[in-house]
There are 2 protein chains.
Amino acid sequence: MPLNKNGLKIVQVDVKDVRFPTSLGGHGSDALHTDPNYSCAYVTTTTESGKRGFGLTFTCGRGTEIIVLTVRAMKRFIVGRNAADIFADFATFWRQITNDSQMRWIGPEKGVAHLAVAAILNSLWDLWARLENKPLWRLLADMEPEELVSTIDFRYITDVITKEEAIQMLRDKRSGKEQRIKTLLDKGYPAYTTQVGWLGYSDELVEQLCKKYLSMGFTHFKVKVGLNLEDDYRRCSAVRRCIGDDKYLMVDANQAWSVNEAIEWMKALAPLRPIWIEEPTSPDDVLGHATIAKALEPYGIGVATGEMCANRVMFKQFLQSGGMQYCQIDSARIGGVNEILAVYLMAEKLKVKVCPHAGGVGLCEMVQHLQYWDYAALSATMDDRLIEYVDQQHEHFTDPCVVNNARYMAPMKPGYSTQFLPGVLEKFSYPHGTKWQKMIKEGLFPAPDEAELVN
Amino acid sequence: MPLNKNGLKIVQVDVKDVRFPTSLGGHGSDALHTDPNYSCAYVTTTTESGKRGFGLTFTCGRGTEIIVLTVRAMKRFIVGRNAADIFADFATFWRQITNDSQMRWIGPEKGVAHLAVAAILNSLWDLWARLENKPLWRLLADMEPEELVSTIDFRYITDVITKEEAIQMLRDKRSGKEQRIKTLLDKGYPAYTTQVGWLGYSDELVEQLCKKYLSMGFTHFKVKVGLNLEDDYRRCSAVRRCIGDDKYLMVDANQAWSVNEAIEWMKALAPLRPIWIEEPTSPDDVLGHATIAKALEPYGIGVATGEMCANRVMFKQFLQSGGMQYCQIDSARIGGVNEILAVYLMAEKLKVKVCPHAGGVGLCEMVQHLQYWDYAALSATMDDRLIEYVDQQHEHFTDPCVVNNARYMAPMKPGYSTQFLPGVLEKFSYPHGTKWQKMIKEGLFPAPDEAELVN
C-alpha cells in the first residue's frame, strides 16, 4: 500500500565522519588491513514532518572524509523529493542516484561513489521501515513479490534473472512464510565467530578464545591467514585442536595472494579441514576465484567472497562462474538494500548459499535483517548458511544486534537498526568529536590532515 | 641510470578542479553521458629545486571535486619523498599509494580512489620524463627491460604474466627498435575519428563530417549508438554510404545494453559491417562481453572496451576470456603508466590488439606516448591498431597532440604532454575561475553546490 505523502518531503540530508579508535587495541587486523580504525559515513535523512532515517557505510578510517563529501554531492538527487514517491518507484530513483550523466564517470557503481550511495540508500530503507512501523526484515517479508521486485534495477543482470522470474520465485515461496517467521522469532538465525584467530594471536590466546566461543554455543570458527604459512598452520591447528573434529573451521586471507599462491597455500592448510577460503585474491578476479575453487574442490574447500565485491554485475559473474560457493553480501558496499536483493535473487536462482559479511560498524545490525528476509521469503532454508558475528561496536547503537547461543535474535524495533545512541556523534565525529580532540591532544593520534579538515 | 637525488625532494602537490563548458555545444553526448562538461583533476608536483610534473585524470564535470579531495588525502604518500627514490623503486611506491591499509577499503584500485592515483602518477611520470629531457614515449622506449618492468606491481596478474616473462618479451623486441623509432618519427601512428556520428546528428551533418574527415585522410570512423535502433541504423547507413565499402566503421554503445539486447541490436546493425562494437554493456561484465563476442564473431564484429575498465585485474580477465578483441587502454582511469604497462604486456602475451581510448581532456596527448612505446619496444606492429582522435580541448595544452593526414605525429617535447598553457587554471578552475564566474553570473550554469564549494 503506498504511503501517504503528507509531510514526507525530504528536507535535509546530514552526513558525519564517525571513527572509533580500534587500531589502539590491535583487534581487527588482517593480512592487508593492519591498523583499521573502524569508522563510517553516517547519514541522517529528515522529512518535512520530522521523520528520520539513519544509514551508514562502513570504512576503515582514513578516506571516510571522501565518502562524506560524496554524500554531500549526491544531496541534489534527494533533497526536495517526496520519500513516498521514491519508495513507490524505487528502482527509478536508484538508477538516478547511481547513474547521473556526469557523476557516473567517477564510478560507475563502485568504490567511493557506491559506498556513498549505500549510506544514503540505507537511510532511506531505515526511514521506510520506521514509517511502516516494522523492522526492515518484516517490511521486506510482508511485501508482495511485485512490490519488492519494483525496488530493483535489473539492468545488466537479465541474462541471469528477469523481473518476471524474480516475482515467480518469491510467489513460489509464499507458502510456509508465516511458519518460517515464527521459527525466526522463536529460534533466531545461526551465527559464526571471527574472533578466535586474528593474525599474530598466540596459541594461548587462540585456545582461550575458542573455549569462550565454544561455551557460547558457536560451531563455526573463522581464522585470518595469509601473511606467514607457518604461523597460519600453527593458529589453525590450535583452533582445530580446541574445537574438535565435529566443529567447523573457515579461513580468510583478505586478498593476500595471487591465484597460484592461493591454491598452494590452501593445499598446505587442507589437512586442518577448513570448509572455506575467504577472499583468496583480488576481489575483482572472478576468473581467478573460479580457478581457485576448481583446484580446491577435491579438498572439500569452497571459496567465499563478497565483502569487497563492487556491485550486482560482479556478483553475477562470481555466481555464474563457480568462483563463489559462499556469497558474502555486504550491507554497506553495494548500492543499498535494492541492489542486495538482486544479489540474493541471483544466488537463489544459481543455488549458491548466502552467508553475509559482518563486523565493522553496524554491519551485523544490518545484515541480520537481510538474512531474516531471505529465510522468510526467498531461500526458505538455513542449511549451511550463517551470519558472521564480531562482538565490536554494537554498544553505539539504539537497537544493537543480540546474539544468544550463537544465534542472531530477531530485531523487533522499527527500522534497519542503524541509529546511533545519543552522544556518539558528539564523541566520535572525526576530527571534532570530544574523544578525538582528547586523543589527538594526548598524542595517541596525529592531527587531521588537510583533506580531513573538510569535515 | 638512477637520477641524481639532489633537489628532487617533493615539496608540494597542488590539485585543481578544471572544467570546460562542453555541454553548451552538445558535442560529446552518448547513450549514457548526455551533457558532459569535459573536465579534469589537474595535479602539479613540485620538487625542492623547482622542477615540476603535471598530471591529470579526465572527468565529466560534477564529482571532480571528489577526486580533488582524494588527491589531497593522498598527499601524505608523496610530499617529503625524493622523486629519484620513487622512480628507483616505482612498483613499491605504487603499492603504497594504492594499498594504504585504511584507505584501500574505499577502493580498492577502482573508481574515485584510482582516478586520483592516476592523476598523481601521471604527474610523476611527466616529472621523470622532464628530468630526463625526453618525451615520455622515448623515456620508456630507451629503458632497459629490467628497469621498465621494475615500475610494475605484478600482484594478482602472475597467472597471466610474470616479471621474468615480461623482461624476456621486451628483450625479444630489442632488435629493430631504432628502425621503428625512425618510422614513428617519419610517419607517425594511425588515428581514427569519433566525430562523424554523435547521437542526434542529422543525415546532412553526418555526411558533411564524413566528407571532412575523409579529406583529412581518415579511413576508420566511429559512430555512437544505443538509444534508438532506427536512428542508429540511419546514421550508420549514412556513414557507410559516404565512406564507401573500403573504409571502416566502428560503433560505440557506451554501456547502454544488457547482454542479450547487445547481441540482438548488433545483429540488426551487422549489414552495415561495423568492425567493432564498443562498450556494449556494463564495463564490469567480463563474462557478458565474452558471450557477446562469441555471438558476434560470425558477423565479423569484435568487442572493444577498456575506457571504464577499473584496473589491471579486470583487464586481465577481459583479455583471458575472449571478451575483448580490441583493448582500449585509458591513460587516466587505471593507476598511471605503471599499471597501463602491465595491461600492454598482458595484451601482447595474449595477442589482443591495443587501440587506446582518447578524447576528453588530455587523453589524446597522453595515449600517443603509450602507443608509440608499444610500437617501438613491445608489439612492434601497427597492424589493425589505431589511436582514437577527437578534436577537442587540445588548445589548452603547451604540447598539444598533432594529427596530420590521420596520423599522430611524434610528440617531441620533454614530458607526458600534460601541461596546461598559462591562463587555463585562472579561467577554467571550477567554480572560482573567471570564465565560470562569468557563466554562472549569466545564468548559463547553476551556482556550485555545497560539495563543489570545497574546491
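Keep in mind it's a predicted model, so treat the numbers as computed, not measured.

## Structural notes on the overall build of chain A
Stage number 1. A tally of helices and strands in chain A yields 17 helices and 13 strands.
Stage number 2. For chain A, the C-alpha radius of gyration of 21 Å lies close to 23 Å, the compact-globule estimate for 455 residues.
Stage number 3. Structurally, chain A occupies a C-alpha span of about 60 × 60 × 45 Å along its principal axes.
Stage number 4. Across the 455 residues of chain A, 59% fall into the buried class.
Stage number 5. If you take every contact in chain A between residues at least 6 apart in sequence, the share linking residues at least 24 apart comes to 75%.

## Regarding the relation of the copies chain A and chain B
Copy one and copy two of the chain differ by a rotation about an axis and a translation along that axis.
Stage number 1. After a rotation of 180 degrees and a shift along the axis of 0.0 Å, chain A superposes on chain B with an RMSD of 0.0 Å. The transformation relating the two chain copies, once decomposed into turn and shift, fits a two-fold axis. Minimal C-alpha separation from the rotation axis in chain A is found for Gly111 of chain A, amounting to 2.6 Å.
Stage number 2. Interface residue correspondence from chain A to chain B reaches 100%, placing this contact among same-surface, isologous pairings.

## What to know about the sheet that holds strand β1 (residues 10–19) of chain A
All names here are of chain A.
Stage number 1. With antiparallel pairing, three strands are arranged side by side in an open sheet as β1-β2-β3. With partners counted over all chains shown, the strands left at the sheet margins are β1 and β3 (52–59), one partner each. Direction aside, neighbouring strands of the sheet carry axes that sit 15 degrees apart on average.
Stage number 2. Packing against the sheet, helix α1 (residues 64–74) makes contact with β1, β2 (39–47) and β3, and its axis sits at approximately 175 degrees to β1.

## Observations concerning unusual backbone geometry
Stage number 1. Following Gly107 of chain A, the chain continues into Pro108 of chain A via a peptide bond in cis, with omega recorded as -15 degrees.
Stage number 2. By secondary structure assignment, the location of Pro108 of chain A is in the loop between α3 (90–98) and α4 (111–131).
Stage number 3. Positioned with a positive phi, Gln255 of chain B is a non-glycine residue whose angle comes to about 75 degrees.
Stage number 4. By secondary structure assignment, the location of Gln255 of chain B is in the loop between β6 (248–252) and α11 (259–269).
Stage number 5. For Gln255 of chain B, a count of 27 C-beta atoms within 10 Å corresponds to the buried category.
Stage number 6. In this model, Ala380 of chain B sits at a positive phi of 60 degrees, which is unusual for a non-glycine residue.
Stage number 7. Inspection of the secondary structure assignment puts Ala380 of chain B in the loop between α15 (363–378) and β11 (387–389).

## Concerning the domain arrangement of chain A
Accessible area lost upon the coming together of the parts serves often as the stated size of an interface.
Residues and elements named next belong to chain A.
Stage number 1. Under the domain assignment used here, chain A contains domain 1 (10–134 + 434–454) and domain 2 (171–408).
Stage number 2. Computed from C-alpha atoms alone, the centre-to-centre distance between domain 1 and domain 2 is 24 Å.
Stage number 3. Taken together, the 26 residues of domain 1 in the interface contact 26 residues of domain 2.
Stage number 4. Elements supplying a minimum of two residues to the side of domain 1 that touches domain 2: β2, β3, α3 and α4.
Stage number 5. Among the elements that take part in the side of domain 1 that touches domain 2, α4 stands out by supplying seven residues, more than any other.
Stage number 6. Taken together, the residues of the side of domain 1 that touches domain 2 sort by class into 15 nonpolar, eight polar and three charged.

## A closer look at the confidence of the model for chain A
Stage number 1. Looking at chain A as a whole, its pLDDT mean stands at 96, while 99% of the residues score no less than 70.
Stage number 2. Per the prediction output, this complex has pTM 0.97; the corresponding ipTM is 0.97.

## Topic: the sheet that holds strand β1 (residues 10–19) of chain B
Residue and element names in this part refer to chain B.
Stage number 1. Within the open sheet, the three strands sit side by side as β1-β2-β3. Their pairing is antiparallel. Every other strand in the sheet has two partners, leaving β1 and β3 (52–59) as the edge strands with one partner each. The average undirected angle you get between the axes of adjacent strands in this sheet is 15 degrees.
Stage number 2. When strand β2 (residues 39–47) meets β3, the two strands line up antiparallel, connected through eight bridges. The residue of β3 that forms the bridge with Thr44 is Phe54.
Stage number 3. Running at roughly 175 degrees to β1, helix α1 (residues 64–74) makes contact with β1, β2 and β3 of the sheet.

## Points about the interface of chain A and chain B
Stage number 1. Contacts between the two partners involve 60 residues from chain A, matched on the other side by 60 residues from chain B.
Stage number 2. Within the residue set of the side of chain A that touches chain B, elements represented by two or more residues are α1, α4, α11 (259–269), α12 (286–296) and α13 (312–321) of chain A.
Stage number 3. In terms of residue count, the dominant contributor to the side of chain A that touches chain B is α1 of chain A (seven residues).
Stage number 4. A breakdown of the residues in the side of chain A that touches chain B according to their chemical character gives 24 nonpolar, 22 polar and 14 charged.

## Some details on the pairing of β2 of chain A
Consecutive residues of a regular strand have side chains that alternate between opposite faces of the sheet.
Stage number 1. Most of β2 of chain A is tucked away: eight of the nine residues are buried.
Stage number 2. Linkage of β2 of chain A to β3 of chain A, two consecutive antiparallel strands, is achieved through a turn of four residues, within which Gly50 of chain A is found at a positive phi near 85 degrees.

## As for the packing of α13 of chain A against helix α14 (residues 336–349) of chain A
The packing of two helices is summarised by the inter-axis angle and the distance between the axes.
Residues and elements named next belong to chain A.
Stage number 1. Between α13 and α14, the shortest axis-to-axis distance is 10 Å and the interhelical angle comes to 10 degrees. When the axis of α13 is compared with that of α14, the two are roughly parallel. Crossing handedness for the pair α13 and α14: right-handed. Only Glu339, Ala342, Val343, Met346 and Ala347 of α14 make contact with α13, whose side of the interface consists of Arg312, Phe315, Lys316 and Leu319.
Stage number 2. Residues belonging to the contact of α13 with α14 are distributed by class as follows: six nonpolar, no polar and three charged.

## Concerning the nonpolar core
Stage number 1. Ranked by internal contacts, the top residues of the largest apolar core, which has 305 residues, are Ala41, Ala116 and Ile120 of chain A together with Ala41, Ala116 and Ile120 of chain B.
Stage number 2. When near neighbours in sequence (up to four residues on either side) are disregarded, Ile120 of chain A contacts Val43, Gly55, Val71, Met74, Ile78 and Ile97 of chain A.

## Brief notes about the pairing of strand β4 (residues 189–197) of chain A
Residues and elements named next belong to chain A.
Stage number 1. Of all nine residues in β4, eight are buried, a share of seventy percent or more.
Stage number 2. Here β4 pairs with strand β13 (residues 407–408) via two bridges, running antiparallel. From the neighbouring strand, Tyr189 faces β13, where its bridge partner is Tyr408.
Stage number 3. When β4 meets strand β11 (residues 387–389), the two strands line up parallel, connected through three bridges. Bridge pairing links Ala191 to Ile387 in β11.
Stage number 4. Strand direction decides the pairing type here: β4 and strand β5 (residues 220–224), joined by two bridges, are parallel. Among the inter-strand pairings, Gly197 is bridged to a residue of β5, identified as Val223.

## Side note on α1 of chain B
Stage number 1. In terms of burial, α1 of chain B is largely enclosed, as eleven of its eleven residues are buried.
Stage number 2. For α1 of chain B, the set of buried residues is Thr64, Glu65, Ile66, Ile67, Val68, Leu69, Thr70, Val71, Arg72, Ala73 and Met74 of chain B.

## Thoughts on the environment of Met308 of chain B
Stage number 1. Tracing the sequence through the fold places Met308 of chain B in the loop between β8 (302–305) and α13 (312–321).
Stage number 2. With 21 C-beta atoms counted inside 10 Å, the residue Met308 of chain B sits in the buried group.
Stage number 3. Along the sequence, Met308 of chain B and Pro356 of chain B sit 48 residues apart, while their C-alpha atoms lie 12 Å from each other.
Stage number 4. When neighbours within four sequence positions are excluded, Met308 of chain B is seen to be in contact with Pro108 of chain A together with Pro283 and Arg333 of chain B.

## Regarding the packing of α11 of chain B against helix α12 (residues 286–296) of chain B
Residue and element names in this part refer to chain B.
Stage number 1. Contact geometry for α11 and α12: axes closest at 9 Å, N-to-C directions at 25 degrees. The angle between α11 and α12 places the two elements in the roughly parallel class. The element α11 and its partner α12 pack so that their crossing is right-handed. Touching Val259, Ala262, Ile263 and Met266 of α11 are Gly288, Thr291, Ile292, Ala295 and Leu296, all from α12.

The rules we used
- Counting from 1, residues in each chain are numbered in the order their sequence is written.
- Going through the entries in the order they are written, you letter the chains from A and number the ligands from 1.
- In keeping with the model being predicted, local features are shown solely for residues with a pLDDT of at least 70 and side-chain atom pairs are shown and tallied solely at 80 or more, while totals for entire chains, interfaces and linings include all residues.
- Strands are runs of DSSP state E lasting at least two residues, helices are runs of H or I lasting at least four, and both sets are numbered from the N terminus onward.
- For the radius of gyration, the atoms used are the C-alpha atoms, and the globule rule reads 2.2 Å times the number of residues raised to 0.38.
- With C-beta atoms placed from the backbone, a residue is buried if 20 or more other C-beta atoms are within 10 Å of its own, exposed if 12 or fewer are, and partly exposed between those counts.
- Here, residue contact means that the backbone-derived C-beta atoms of the two residues sit within 7 Å.
- Alignment of the copies relies on least squares applied to C-alpha atoms, considering only residues that score at least 70 for pLDDT in both.
- Two strands make a pair as long as DSSP finds a minimum of two bridges between them.
- Helix axes are fitted to C-alpha atoms over the stretch in contact, other axes to C-alpha atoms as well, and angles between N-to-C directions run from 0 to 180 degrees.
- Domain borders in the structure are assigned automatically or taken from a domain database.
- Residue polarity is assigned by list, with Asp, Glu, Lys and Arg as charged and Ala, Val, Leu, Ile, Met, Phe, Trp, Tyr, Cys and Pro as nonpolar; anything else, Gly included, falls into the polar class.
- As a per-residue quantity, pLDDT reports the predictor's confidence and falls between 0 and 100.
- An angle below 35 degrees is read as roughly parallel, one above 145 as roughly antiparallel, one from 65 to 115 as roughly perpendicular, and any other as oblique.
- Should the near helix be turned anticlockwise from the far one by less than a right angle, the crossing is termed left-handed; should it be turned clockwise, right-handed.
- To define a nonpolar core, we join buried Ala, Val, Leu, Ile, Met, Phe, Trp, Tyr and Cys residues through C-beta atoms within 7 Å and take the resulting set.

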